[in-house]
Amino acid sequence: MSHKLKIAGWIAVGAVAGALTTVQLQAVARNTLAPLPLEELQQLAAVFGMVKSDYVEPVDEKKLISEAISGMVASLDPHSQYFDKKSFKEFREGTSGRFVGVGIEITMEDGLVKVVSPIEDSPAYRAGLKSGDLITKIDDTPVKGLTINEAVKLMRGEPRTKVLLTILRKDEDRTFPVTITREEIKTQSVKSRGIEPGYAWIRVSQFQERTTEDFARKLEELAKADPKLKGLVLDLRNDPGGLLDAAVALSAVFLPENVTVVSTNGQLADSKFTYKATPQHYLRRGGSDPVKRLTEATNGLYKRIPLVVLVNEGSASASEIVAGALQDHKRATIMGSQTFGKGSVQTVRPLGPDTGLKLTTARYYTPSGNSIQAKGIVPDVMVDETPEGNLFAALRTREADLQKHLVNGPEGKGDQPMTDAQRAAEQQRDQEREAARKRLEEEAKKNPNQRLVPEFGSEKDFQLQQALNQLKGQPVVVSKTLSVRTEAKKDN
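Residues numbered from 1 in each chain as written. Predicted model: local features only at pLDDT ≥ 70, side-chain atom pairs only at ≥ 80, totals over all residues. Heavy atoms only, no water.

Of the regular secondary structure elements, the chain holds 12 helices and 21 strands. When burial is assessed residue by residue, the chain has 49% of its 492 residues classed as buried. Long-range contacts, defined as pairs at least 24 residues apart, comprise 71% of the intrachain contacts of the chain with a sequence gap of at least 6. Per element, the accessible surface of the chain, about 24200 Å² overall, is 52% carbon and sulfur. (Helix = DSSP H or I, 4+ residues; strand = E, 2+ residues; numbered from the N terminus. Buried < 20%, exposed > 50% of the residue type's maximum accessible area, 1.4 Å probe, protein only. Contact = heavy atoms within 4.5 Å. Areas by Shrake-Rupley, 256 points an atom, 1.4 Å probe, with all protein chains shown as cover.)

Once that is clear, we can look at the sheet that holds strand S14 (residues 231–235). Spatially, six strands are ordered S12-S13-S14-S17-S18-S21 in an open sheet, and the strand pairing comes out mixed. Single-partner strands in this sheet number two, and they are strand S12 (190–196) and strand S21 (381–382). Packed onto the sheet, helix H10 (residues 318–328) meets S14, strand S17 (307–311) and strand S18 (333–336) and runs at close to 140 degrees relative to S17. In this fold helix H12 (residues 462–472) packs onto S12, strand S13 (199–204), S14, S17 and S18, with an angle of close to 160 degrees to the strand it touches most, S17. (Pairing = 2+ DSSP bridges. Axes fitted to C-alpha atoms, helices over the stretch in contact; angles between N-to-C directions.)

Moving on, we come to the packing of aromatic side chains. Throughout the structure, instances matching the rule amount to three aromatic pairs. Ring geometry for Phe-215 versus Phe-254: centroids 6.1 Å apart, planes at 80 degrees, classification edge-to-face. Placement of Phe-215 in helix H6 (residues 211–225) and of Phe-254 in helix H7 (residues 244–254) is noted, with a sequence separation of 39 residues between them. Across the pair, exposure class does not vary: Phe-215 and Phe-254 are buried alike. On the numbers, 4.8 Å between centres and 65 degrees between planes, the contact of Phe-273 with Tyr-275 is edge-to-face. Taking relative accessible area as the criterion, Tyr-275 reaches 0% and is therefore assigned buried. Between the NZ or CZ atom of Arg-156 and the centre of the ring of Phe-99, over which it lies, the distance is 4.2 Å. (Phe/Tyr/Trp six-rings, centres within 6.5 Å; stacked < 30°, edge-to-face > 60°. Lys NZ or Arg CZ within 6 Å of the ring centre and 35° of its normal.)

Here we come to the nonpolar core. Phe-215, Leu-219, Leu-234, Phe-254 and Tyr-302 are the most contacted members of the largest nonpolar core, which totals 54 residues. Of the residues forming this core, the biggest block, nine residues, is contributed by H7. Not counting chain neighbours up to four residues away, the residues in contact with Phe-215 comprise Val-190, Ile-202, Val-204, Leu-234, Leu-250, Val-253 and Phe-254. By size, the runner-up hydrophobic cluster in this structure holds 19 residues, among which are Ile-104, Ala-124, Met-155 and Ile-167. (Core = buried A, V, L, I, M, F, W, Y, C linked by side-chain atoms within 4.5 Å.)

It is worth spelling out the pairing of strand S10 (residues 174–181) at this point. Here strand S9 (residues 162–169) pairs with S10 via eight bridges, running antiparallel. Within the sheet, the bridge partner assigned to Val-163 lies in S10 and is Ile-180. Hairpin connection between S9 and S10: a loop of four residues separates the two successive antiparallel strands, and Asp-173 in this loop has a positive phi of roughly 50 degrees.

A few words on the confidence of the model for the chain. With 81% of its residues at a pLDDT of at least 70, the chain reaches an overall mean of 84. The low-confidence segment residues 1–32 (pLDDT under 50) makes 123 contacts with residues lying over four places distant or belonging to another chain. Segment residues 410–416: pLDDT under 50, and 19 contacts once partners within four positions in sequence are set aside and those in other chains are kept. (pLDDT = per-residue confidence, 0-100.)

The buried count for H10 comes to 10 of 11 residues, which makes it a mostly enclosed element. Within H10 the residues assigned to the buried category are Ala-318, Ser-319, Glu-320, Ile-321, Val-322, Ala-323, Gly-324, Ala-325, Leu-326 and Gln-327. Note on H10: the residue one or two positions beyond its end, Lys-330, has a positive phi of about 55 degrees.

Our focus in this paragraph is the pattern of salt bridges. Tallied over the entire structure, the rule returns 15 salt bridges. The closest approach of N and O atoms between Lys-130 and Glu-172, which form a salt bridge, is 3.8 Å. Pair noted here: Lys-130 is in the loop between helix H4 (123–126) and strand S7 (134–138) and Glu-172 is in the loop between S9 and S10, with a separation of 42 residues, a long-range link. Where Asp-214 meets Arg-217, a salt bridge forms, and the shortest distance between an N and an O atom there is 3.1 Å. Highlighted residues: Asp-214 and Arg-217, both in helix H6, separated by three residues, approximately one helical turn. Since its relative accessible area comes to 8%, Asp-214 is described here as buried. Residues joined in a network through salt bridges with shared partners are Lys-130, Asp-133, Arg-169, Glu-172 and Arg-174. (Salt bridge = Lys/Arg side-chain N within 4 Å of Asp/Glu carboxyl O.)

Structurally, Ser-315 can be placed in the loop between S17 and H10. By relative accessible area, which is 0% here, Ser-315 ends up buried. A polar contact of 2.7 Å, which involves the side chain of Ser-315, links it to the backbone oxygen of Leu-236. For Ser-315, the residues in contact, after removing those within four places along its chain, are Leu-236, Arg-237, Asn-238, Asp-239, Glu-320, Thr-339 and Phe-340. (Polar contact = N/O pair within 3.5 Å; in protein donor to acceptor, adjacent residues only side chain to side chain.)

Pasting the structure below:
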């Protein structure tokens, strides 16, 4: 690319309620550093020496230093992170959409790992794992008490190594072991289907290296399957984000060439940049242009076709960039609920061959100049996730709920005392979360093997049906309970 600010080929792996992935930039380091605080550094060295000599048992010096770096970076905000050798490897795997594991989509249920679905042609798929299976042990480790990330780490490993899963299959009332050989899994971040003649649905679950190519190919297939296509639903619900270049490219599919998609601003000169819907701002060096190919193949269909974008509390980062750009340019109707609100930019810098640093270096802004940090994208039309309302949305964490989150304003960080109004709003949200938690437990007991919220893109997907009504000019069932969170939470 011609501009100094290169688009990095990485995303951050790791989530709070599935929503903490990162838009990243590759920036150059500053040429000058401020004078180091010598007294504080001497204290750090003194503490290191005391721990090494006086602690009850010997300590690993390298581990001490690594933990000190990790703690320093983690104290900044929820998205800055120090990568040790293992976490750096996992980070890079998540970027490419490829990882070594057994090949299952999972969630947690009653403290156990529940199989949502095996990935087609994966080792788990070939071993006969089914949706609804519960994993009670991974090798010799009981799953009860583990977080979902800890369980994932145990199931991943090196290619051609084996992992023993103990499976509880409730509908057959039996428990049995399954030995699975790990292999490289390629995830699919784009799904699509025709809803009915003239209307189609396309979903992006994460912005990965292959997302732009897959997205263009799926849209081309939809246009060929239905030459009279007259409306499209772009589904970004629960999309935690990912690569900035993919977000710019997907926006460029629908926008006029060279209009602003997103801008960034931070301390570094190279963090101040405006990204436009133009190939030099989303193409990687030497790559072909799938956006141009799609536009030519469909005679510009997707530049003019009516468009609805579905979002929810789990839509974050790169997905918010796309929704914000399409909303500001009045290219699409945004429907659903207020998004996660992650409007910060992370730079990933290698510290060596196996370690790295992910550091928040800028905020990003929609084309109209609005920062969505700790606020999110507010839909044009608020729509509940089911006809009965947003049953479990209160359980989803948003950026404004995270400690040490950045806020907009002179203070810059969410570390100021809450006002009475903010405190009352927080108490109300706590009450809503508790009510949703109890409702979730009750519904899970009534329907132990059923989805409590319909699958995205299915015939029972209430929000998708409302999006279809919007495209057809028919009445839409607007939410009577959803409200806009305009204030970022401040931590005491």
